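Chain residues, written in single-letter form:
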Amino acid sequence: ALEGMPVGENDFRELRNKDLYFVDKSLFIDELLKSTAKVTLITRPRRFGKSLNLSMLDSYLNMRYVDGPDHFKGLKISERRPNDLEKNTNVVINISFKESGNGSYVSFLKQFERNVSWVYHDFLELSDSPRLSPTNREDFRKICEKRADEYNLSTCIQDLCRMLELHYGRKVVILIDEYDNAMNKAYKNPEDHEKIVDFMRTLLGSALKDNDSLRFAVVTGVMKISKESIFSGLNNLEVNDVLSDQYDEMYGFTQAEVEKLLIDNNHPGRISEAKEWYDGYRFGSVDVYNPWSIINYVKRGCKLDVYWANTSSNSIIEELLRYADRGRWNELKELCAGGSVAVGIQSEMAFCDLGYSDDAI
């Protein structure tokens, strides 16, 4: 079973094809489909399975996989929703901002153009669809061939939705992964940061707010960039963050899941050690483990290490610590000594405000 630990694997179909170890979170799909929210924003720390859950959702809903193998056989969702009419019958646009340039606006735009060209290539049937006007078909080809201007790029998800509805006669599901990644990267370059935020505001506004062809959307990220800043005017938005009870068991591994994982891998004696090292989170009303840490720990024969710490840059927190006052440092010392500190938490934040807010950290 050790070879079957899915370290860094966030493609659900790939994970199932390789028969890797899978902690069954498929009931997330059922919960989501029961929700009445038009747009759901899910924010969790990095390495908590956001991309994998979105990939799983895509695999379940997307009509593109209707004739492929059933990757949900034996999973909880198949018991919960037998003969489900939602399964592989939806038109799905799936776009990730994982690759989003180096923090400059120019590199972000170039990478976005590339990403979106690939997304358009998934729907080549539109390039000669008789249900689209010649102008629509030309707009479609412009994005495919990377010759669209900046404005067309900023509305291209909404445009694709409309074309897909014209072609298929049904509304579209949009999945957006790591929506905040480019903005996080540009944090230290205020000018580029502002341009990226403006672009994303137009992109997400047109795709998620002014879009009659949208059925529903799921957006994931590390943090919510405050409403005024990005999701302005989006009154059909439901935010699911680390304080929310809904989906609280769907990101990260629960105690029962970790115990089963250790037993399945012949390490039942390591349960208390794993708890001491890796049970460091509480989402909603549930204590959870970071999946990245636990999977690496088991994969390496239960060798204890700080697996999560070096998985990405902490530049924003470093910056905030650099300007922290003595009071803040005393609080951190208190925490490090095993004490506790009472602070107010803001669940949303504009990056441009971070430097001015004493509570930002």
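What you see is a predicted model; the values in this text were computed from it and never measured.

Undergrad: Looking at this model, I keep getting lost on the sheet that holds strand β6 (residues 237–240). Mind explaining?
TA: Backbone hydrogen bonds are what pair the strands of a sheet, in a parallel or an antiparallel way. Strand order in the open sheet made by the 5 strands is β2-β3-β4-β1-β6, with parallel pairing throughout. The sheet terminates laterally at β2 (91–96) and β6, the two strands that pair on one side only. Strand-to-strand, the axes of this sheet are offset by a mean angle of 15°, without reference to chain direction. As paired strands, strand β3 (residues 172–177) and strand β4 (residues 214–221) are joined by 5 bridges and run parallel to one another. The residue of β4 that forms the bridge with Leu175 is Val218. With respect to the sheet, helix α3 (residues 50–61) is in contact with β1 (39–43), β2, β3 and β4, its orientation differing from that of β3 by roughly 160°. Strand contacts of helix α8 (residues 156–168): β2 and β3, with the helix running at about 160° to β2, the strand carrying the most contacts.

Undergrad: Before we go on, may I ask you to explain the packing of aromatic side chains in this structure?
TA: What describes a pair of aromatic rings is the distance from one ring centre to the other and the angle between the planes of the rings. The final tally for this structure, using the stated rule, is 18 aromatic pairs. Taking 4.9 Å as the distance between ring centres and 75° as the angle between the ring planes, the aromatic pair formed by Phe48 and Tyr281 counts as edge-to-face. Linking Phe48 in the loop between β1 and α3 with Tyr281 in strand β7 (residues 281–283), this pair joins segments that are 233 residues apart in sequence. Among the aromatic residues, those joined into a cluster by ring pairs are Phe97, Tyr105, Phe108, Phe112 and Phe199. One residue, Arg46, lies across the ring of Trp308, its end atom 4.3 Å from the ring centre.

Conventions used here
Residues numbered from 1 in each chain as written. Predicted model: local features only at pLDDT ≥ 70, side-chain atom pairs only at ≥ 80, totals over all residues. Heavy atoms only, no water. Pairing = 2+ DSSP bridges. Helix = DSSP H or I, 4+ residues; strand = E, 2+ residues; numbered from the N terminus. Axes fitted to C-alpha atoms, helices over the stretch in contact; angles between N-to-C directions. Contact = heavy atoms within 4.5 Å. Phe/Tyr/Trp six-rings, centres within 6.5 Å; stacked < 30°, edge-to-face > 60°. Lys NZ or Arg CZ within 6 Å of the ring centre and 35° of its normal.

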